[in-house]
Amino acid sequence: MAGPISLKVTRRGILAGGAMSAAVSQVALAKGQVETPSAPPPAHQKVRLTVNGRDRELDVDTRVTLLDALREHMKLTGTKKGCDHGQCGACTVMVNGERINSCLSLAVMHDGDEVTTIEGLGTPENLHPMQDAFIEYDGYQCGYCTPGQICSAVAVLEEIKQGVPSHVTQDLSSKMQPTNLEMRERMSGNICRCGAYSNIAEAMAKLAVES
Amino acid sequence: MEYNAPAGKNLFDNAKVVGKPTRRIDGPLKTTGTAPYAYERHDVVPGQVYGYVLGAGIAKGRIAAMDVSAARAMPGVLAIVTAPDTKPVGKGMGNTAPLFGGRDIAHYHQAIALVVAETFEQARAASSVIRVEYERQKGAFDLASAAPGAPLDTTRGGEPDQVRTGDFEAAYHAAYVQLDERYTTPDESHAMMEPHASIAAWEGEKLTLWTSNQMIAWNKGSVGDILDMEPDNVRLDSPYLGGGFGGKLFVRADAVLAALGAKAAGRPVKVMLQRPLIYNNTTHRPASIQRLRIGAGKDGRISAIAHEGWSGNLPGGSGENTVQQTRQLYAGDHRLTANYLATLDLPEGNAMRAPGEASGHMALEVAMDELAEKLDMCPVELRIVNDTQTVPDEPEIKFSDRNLVRCLREGAERFGWANRNKTPGGLRDGRWLIGMGMAAGYRNGPVGKSAARVKLDRRGRVTVETDMTDIGTGSYTIIAQTAAEVMGVPLKQVTVRLGDSAYPASAGSGGQWGAASSTAGVYAACVNLRRAIGEKLGFDGDAATFDNSRIAVDGGSFALTDAGALSATGEMTYGDFQDDYSVGTFASHFCEIAVDAYTGESFIRRMLSVCDAGRILNPVSARSQVIGAMAMSVGATLTEELAVDKRFGFFVNHDMAGYEVPVHADIPHQEVVFLDTLDPVISPMKAKGVGELGICGPTAAVANALYNATGIRVREYPLTLDKYLDRLPAV
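Residues numbered from 1 in each chain as written. Chains lettered and ligands numbered in written order. Predicted model: local features only at pLDDT ≥ 70, side-chain atom pairs only at ≥ 80, totals over all residues. Heavy atoms only, no water.

- As annotated in an unreviewed UniProt entry, chain B is Molybdopterin-dependent oxidoreductase from Altericroceibacterium endophyticum.

- Per an unreviewed UniProt entry, the recorded name for chain A is Aldehyde dehydrogenase iron-sulfur subunit, and the organism is Altericroceibacterium endophyticum.

So, the overall build of chain A
Next, step 1: Within chain A one finds 7 helices and 5 strands.
Next, step 2: Scanning chain A from its N terminus toward the C terminus, one meets helices and strands in the order α-β-β-α-β-β-β-α-α-α-α-α.
Next, step 3: A total of 211 residues make up chain A; the buried ones form 53% of that total.
Next, step 4: Sequence separation of 24 or more characterises 52% of the internal contacts of chain A that already satisfy a separation of 6 or more.
Next, step 5: Of the roughly 9800 Å² of accessible surface on chain A, 53% is carried by carbon and sulfur atoms. (Helix = DSSP H or I, 4+ residues; strand = E, 2+ residues; numbered from the N terminus. Buried < 20%, exposed > 50% of the residue type's maximum accessible area, 1.4 Å probe, protein only. Contact = heavy atoms within 4.5 Å. Areas by Shrake-Rupley, 256 points an atom, 1.4 Å probe, with all protein chains shown as cover.)

A closer look at the state of the cysteines
Disulfides are covalent bonds that link the sulfur atoms of two cysteine residues.
All names here are of chain B.
Next, step 1: Counted under the stated rule, the structure contains 0 disulfides over all chains.
Next, step 2: Summary of cysteine pairing: C591 is not part of a disulfide, and the nearest cysteine sulfur, belonging to C611, is at 15 Å.
Next, step 3: Among the cysteines around C696, which has no disulfide bond, C611 carries the closest sulfur, lying 10 Å off.
Next, step 4: Residue class for C696 comes out buried when judged on its relative accessible area of 0%. (Disulfide = S-S within 2.5 Å.)

Some points on the packing of helix 5 (residues 146-161) of chain A against helix 7 (residues 197-210) of chain A
Residue and element names in this part refer to chain A.
Next, step 1: The N-to-C vectors of helix 5 and helix 7 enclose an angle of 40°; their axes lie 11 Å apart at closest approach. What the angle tells us is that helix 5 and helix 7 run oblique. Here the hand of the crossing between helix 5 and helix 7 comes out right-handed. Residues Q149, A153, V156 and L157 of helix 5 touch helix 7, and the partners they reach there are I200, M204, L207 and A208.
Next, step 2: For the contact of helix 5 with helix 7, the class distribution of residues is 7 nonpolar, 1 polar and no charged. (Axes fitted to C-alpha atoms, helices over the stretch in contact; angles between N-to-C directions. Parallel < 35°, antiparallel > 145°, perpendicular 65-115°, else oblique. Left-handed = near helix turned anticlockwise from the far one by under 90°. Nonpolar A, V, L, I, M, F, W, Y, C, P; charged D, E, K, R; others polar.)

Brief notes about the packing of aromatic side chains
Next, step 1: Considering all chains together, one arrives at 21 aromatic pairs over all chains under this definition.
Next, step 2: Plain terms: the ring middles of Y144(A) and Y37(B) are 5.1 Å apart, the flat faces sit at 80° to each other, and that makes the pair edge-to-face. In this pair, Y144(A) sits in the loop between helix 4 (129-136) and helix 5 while Y37(B) sits in the loop between helix 1 (27-32) and strand 2 (49-55), so the two residues belong to two different chains.
Next, step 3: Judged by relative accessible area, which is 1%, Y144(A) ranks as buried.
Next, step 4: The rings of Y144(A), Y37(B), Y240(B) and Y476(B) are connected pair by pair, giving a single aromatic cluster.
Next, step 5: The ring of F120(B) has K81(A) lying over it, and the distance from NZ or CZ to the ring centre is 4.1 Å.
Next, step 6: In this structure, R24(B) is placed above the aromatic ring of Y140(A), and the distance from its NZ or CZ to the ring centre is 5.4 Å. (Phe/Tyr/Trp six-rings, centres within 6.5 Å; stacked < 30°, edge-to-face > 60°. Lys NZ or Arg CZ within 6 Å of the ring centre and 35° of its normal.)

Thoughts on the environment of H73(A)
Residues and elements named next belong to chain A.
Next, step 1: Tracing the backbone shows H73 in helix 2 (residues 66-73).
Next, step 2: With 28 residues separating them along the chain, H73 and Q45 place their C-alpha atoms 14 Å apart.
Next, step 3: If we ignore the near neighbours within four places in the chain, the residues touching H73 are L58, V60, V64 and D68.

A closer look at the interface of chain A and chain B
Next, step 1: Between chain A and chain B, the residue contacts involve 73 residues of the former and 78 residues of the latter.
Next, step 2: A buried area of about 6100 Å², summed over both sides, lies between chain A and chain B, and 57% of it is on carbon and sulfur atoms.
Next, step 3: Counting the surface chain A buries against chain B, the share from its top three residues, R184(A), R193(A) and Y197(A), is 14%.
Next, step 4: On inspection of chain A and its partner chain B, the count reaches 6 salt bridges.
Next, step 5: When the shortest N-O distance is used, the salt bridge between K80(A) and E40(B) registers 2.9 Å.
Next, step 6: Between the two partners, chain A and chain B, sit 30 residue pairs in polar contact (both at pLDDT 80 or more).
Next, step 7: Among the secondary structure elements, those contributing two or more residues to the side of chain A that touches chain B are helix 1 (11-24), helix 2, helix 3 (118-121), helix 4, helix 5, helix 6 (180-186) and helix 7 of chain A.
Next, step 8: For the side of chain A that touches chain B, the residue count by class is 31 nonpolar, 24 polar and 18 charged. (Buried area = accessible area lost by both parts, 1.4 Å probe. Salt bridge = Lys/Arg side-chain N within 4 Å of Asp/Glu carboxyl O. Polar contact = N/O pair within 3.5 Å; in protein donor to acceptor, adjacent residues only side chain to side chain.)

As for a negative patch on the surface
Next, step 1: A cluster of like negative charges, contributed by E2(B), D576(B), D579(B) and D580(B), occupies part of the molecular surface.
Next, step 2: With respect to the helices and strands, the residue D579(B) is situated in the loop between strand 27 (566-574) and strand 28 (581-582). (Patch = residues over 30% accessible without salt bridge, like charges linked within 9 Å, V, L, I, M, F, W, Y side chains within 5 Å. Lys, Arg positive; Asp, Glu negative; His and termini not counted. Charge placed at Lys NZ, Arg CZ, Asp CG, Glu CD.)

Quick notes on the packing of helix 9 (residues 357-375) of chain B against helix 15 (residues 698-710) of chain B
Helix-helix packing is characterised by the crossing angle of the two axes and by the distance between the axes.
Residue and element names in this part refer to chain B.
Next, step 1: Remark: helix 9 packs on helix 15, axes separated minimally by 8 Å, with the N-to-C direction vectors making an angle of 40°. Of the two possible hands of crossing, helix 9 and helix 15 adopt the one that is right-handed. Side by side, helix 9 and helix 15 meet where A358, H361, M362, E365, V366, D369 and E373 of the first sit next to T699, A700, A703, N704 and Y707 of the second.
Next, step 2: Broken down by class, the residue content of the contact of helix 9 with helix 15 amounts to 6 nonpolar, 3 polar and 3 charged.

Some thoughts on the pairing of strand 23 (residues 494-498) of chain B
Next, step 1: Taking every second residue as pointing to the same face, the buried face of strand 23 of chain B carries V494(B), V496(B) and L498(B), while none of T495(B) and R497(B) on the other face is buried.
Next, step 2: A crossover links strand 22 (residues 462-466) of chain B with its parallel partner strand 23 of chain B, the connecting element being helix 12 (residues 475-487) of chain B, and its sense is right-handed. (Right-handed = clockwise from strand over helix to strand, strands pointing away.)

Observations concerning the pattern of salt bridges
Next, step 1: Across all of its chains, the model carries 54 salt bridges over all chains by this definition.
Next, step 2: Two residues, R186(A) and E182(A), come together in a salt bridge whose shortest N-O distance is 2.7 Å. Within this pair, R186(A) and its partner E182(A) are both found in helix 6, separated by 4 residues, close to a single helical turn.
Next, step 3: Judged by its relative accessible area of 5%, E182(A) is buried.
Next, step 4: K60(B) is paired through a salt bridge with D345(B); the nearest N and O atoms lie 3.6 Å apart. Of this pair, K60(B) sits in the loop between strand 2 and strand 3 (61-67) while D345(B) sits in the loop between strand 16 (334-343) and helix 9, and the two are 285 residues apart along the sequence.
Next, step 5: Residue D345(B) is classed as buried on the basis of its relative accessible area of 7%.
Next, step 6: Sharing partners across several salt bridges, the network here consists of R99(A), E159(A), E182(A) and R186(A).

Here's the deal with the nonpolar core
Next, step 1: The biggest cluster of nonpolar side chains holds 262 residues, and the ones touching the most others in it are L371(B) and I533(B).
Next, step 2: Among the nonpolar cores identified, the runner-up in size contains 16 residues, and L58(A), V64(A), A69(A) and V115(A) belong to it. (Core = buried A, V, L, I, M, F, W, Y, C linked by side-chain atoms within 4.5 Å.)

Notes on the domain arrangement of chain A
Residues and elements named next belong to chain A.
Next, step 1: For chain A, the domain assignment lists domain 1 (41-121) and domain 2 (122-211).
Next, step 2: Its C-alpha centre places domain 1 at a distance of 22 Å from the equivalent point of domain 2.
Next, step 3: Tallying the contact residues gives 17 residues for domain 1 and 18 residues for domain 2.
Next, step 4: The contact between domain 1 and domain 2 buries some 1400 Å² in all, and 56% of this surface belongs to carbon and sulfur atoms. (Domains from an automatic or database assignment.)

Quick notes on the UniProt feature "domain: Aldehyde oxidase/xanthine dehydrogenase a/b hammerhead" (unreviewed entry) in chain B
Next, step 1: Under the UniProt annotation, "domain: Aldehyde oxidase/xanthine dehydrogenase a/b hammerhead" (unreviewed entry) lies at residues 32-138 of chain B.
Next, step 2: Along residues 32-138 of chain B one finds 12% helix and 33% strand; the C-alpha atoms at either end are 50 Å apart. (UniProt positions renumbered as here; feature names shortened; annotations may be inferred.)

A look at the sheet that holds strand 15 (residues 302-313) of chain B
Residue and element names in this part refer to chain B.
Next, step 1: What the 5 strands build is an open sheet, ordered 8-16-15-14-9; its pairing is mixed. Two strands in the sheet have a free side with no partner beyond their single neighbour: strand 8 (162-165) and strand 9 (177-185). Averaged over all adjacent pairs, the angle separating strand axes in this sheet is 10°, with direction ignored.
Next, step 2: With 4 bridges connecting them, strand 8 and strand 16 associate as antiparallel partners. The residue bridging V163 from the neighbouring strand is T337, located in strand 16.
Next, step 3: Strands in contact with helix 9 are strand 9, strand 14 (288-296) and strand 15; relative to strand 9, the strand with the most contacts, it is inclined by about 150°. (Pairing = 2+ DSSP bridges.)

Here we look at the environment of D153(B)
Residues and elements named next belong to chain B.
Next, step 1: Mapped onto the elements, D153 comes out in the loop between helix 4 (143-146) and strand 8.
Next, step 2: Once you skip the residues sitting within four places of it in the chain, D153 turns out to touch E159, P160, D161, G319, N339, Y340 and L341.
Next, step 3: Reaching out from D153, the side chain makes a polar contact with the side chain of R156 at a distance of 3.0 Å.

Notes on the domain arrangement of chain B
All names here are of chain B.
Next, step 1: By the assigned domains, chain B splits into domain 1 (2-35 + 447-576) and domain 2 (396-444 + 583-731).
Next, step 2: Taking only C-alpha atoms into account, the centre of domain 1 sits 35 Å from that of domain 2.
Next, step 3: Facing the 31 residues of domain 1 at the interface are 26 residues of domain 2.
Next, step 4: By the criterion of area lost to domain 2, the three top residues of domain 1 are Y3, F12 and Q512, representing 29% of everything that side buries.
Next, step 5: Where domain 1 packs against domain 2, one counts 2 salt bridges.
Next, step 6: Between D13 and R615 there is a salt bridge whose closest N-O contact spans 2.9 Å.
Next, step 7: Taken together, the links from domain 1 to domain 2 amount to 16 residue pairs in polar contact (both at pLDDT 80 or more).
Next, step 8: Broken down by secondary-structure element, the contributors of at least two residues to the side of domain 1 that touches domain 2 are helix 12, helix 13 (514-537) and strand 27.
Next, step 9: Per-element tally for the side of domain 1 that touches domain 2: the top contributor is helix 13, with 5 residues.
Next, step 10: When its residues are assigned to classes, the side of domain 1 that touches domain 2 shows 15 nonpolar, 12 polar and 4 charged.

Now the structure itself:
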């Protein structure tokens, strides 16, 4: 396995960098600056994973996030990049049944994993019940956070069913209920700047009652 | 088609499809992740490579030197475009500082380089080894210290922005009660979920930008101005936007750098502004300082009102018009409104959802709450006694349709306002201090010329093409409803194509004018298509009845498919009769809040808005516009603030962790009521926008509720607990 990117300095690298800068940089260099050696080619690694039931094998730059592997390499653009820093939740997908922020995870960490994205939940012709409920209750506006919201919503109802506690769970000994407060708390990692929260809560409540 | 007199009965009044709660037609795409946003257009052009933006590390000064040699030698790097090597680009609409080029730095995180590489990771890595040496200059970064010497704002129309009616000072001093308070609102960020993004591709002289932009026709011209090229050689395509809120009204650095990078690399280039750049690189809602002076009689009638606002911007930037609603909302013979504009070296301020009025209500509507308390009067009643049907400082101008009093009465009734505890800080529910607050709301109802093309195919299917955008507002659906209504076809027989500059120019999405304007343009095109069908089949298209894909005419009928394939364009323009009216939207807003008596944390329990905005084209998406604006109001009131580093001149909390917008846990169930009104002045649709009305006032309702709960009046937004924790009632 390849280690972290090597920053070994080579004479050839320095010469190449120097030549390049002389040829193309029209900006005067300040005094005392030291040339940075050119970096070696990026490390690549093979990764096999199952995405929406389909086996995939990728040979990726080890710096590629799971999010960018999905969006840029597999062209599964339903998963969104909102912040790339784990702050907004737009990139939420399910890995081995648990939701994660795919921007905070490197693709190469997922060898052998099963990934479910919004495309794996349903299609325009064959919607997942949560997708249908979002449409019914208008739980979205611009649509950009929506795939993440829906992946989270599906996972949240499952977490409640399995009795996984949250910050607002009052009673850990009895069967957990999908209350409005429980759902809102658990969904709070998924930001919707359009502010569809009230409608998302209603879409989720419909499915929580049905299940 | 020119709209030159208030509407009588027209085709739209059948209202078989418009006005009915309708699921969004783009819902199946958006909920399955198959609606394509700008950065995701893998299929539009082959060979796309990646651009990564470097932002300036100083707020004001000069680039002394930039060394890109190491970056150029990095693997995968195809081109580096640097500001010092690029002549400053031209300015498009709404650009204050040049988006790129030259050695001068106008604000922090102004773009200074783009690295283009085969992959995103390579571009990012290479950008990190660019070395920049700056000459830092002193700048002005503090509105409070710049405001006292700031001149009157002249950026709207060239004249000093001050309006006097009667003798404010004399009337104020003679008034039975006087209120004189100062309020501050912070810089705010749009923080839309989709970062600004563009893919650029050149074909000879021709540039195509697949982008995320609210205003296609404006910005086709702006790209021409910015890149010094013929607008006819520019195509913009923006069928889906992940939010805008005014932040995507104009061309920004993503589009410019994608275009420059694509030219330099000889490949199509995609650029998404990195989230941490957005807050300082792009525009924001400027902070304000506002002073309100109100004099009123014992009966609550306002005799004197003065609202003055101070804001700051870069040289050449416009000021925030925080006093706009004060010129419209309440009666009173003696008046003064003024805006002052200071020069600051912070990132550029510009329009964010209801510019001016969103911040203005945060001061005016709290001042009204304070006035009501001084008068020992119900805040709802105070607003009712000061209602007016003519514009207070232009009495010859009447409101086209104003039902604020109905909003207030109906809102109070529905919310249970009569049960409000009248003693601030005096109601406990267990550990919670409970309070209720309310506010009135006003936002103008603009409309603008808008065009569309409507095609009929041989199967009777109707396709609408217009460069209108859907920024989450529901444009796709209301445009489909409009075409279905006027052409007499089921909604599912209509296809809507938006956002392409190759389509007829619409009014675009901004200033809550989009819904009213774009549907009027589609209406005009549909009327022309009906006439074209009539001409072909031998009847008067205006007199025929189009219904259920059939056409009934005097003495016969046709199937719509008898017309074969036809297409028509149309544009709605507006006569100056509208100058005799003030066209506005009105609302009442209510909020119940709970404040933890021990920790000071606040939680919204209930919110209600009652809106008067003419015909509601689709109650489903209109309600969503309002609840979304109410949520944004909660953020503006309680948490959102771009924190200014006054030493180095930038917004410190420039990401989604530091800039705190509301999350699920912050927002309860929200109620919205639309009055059943029609405004015959605005357009044949008689419909006005609501997307910005919803952020005009709920802010103050939350602030007033917090006061009612705690008995503590905080006038510096956001109302974070550190500003009142030490003054909470003893527990």
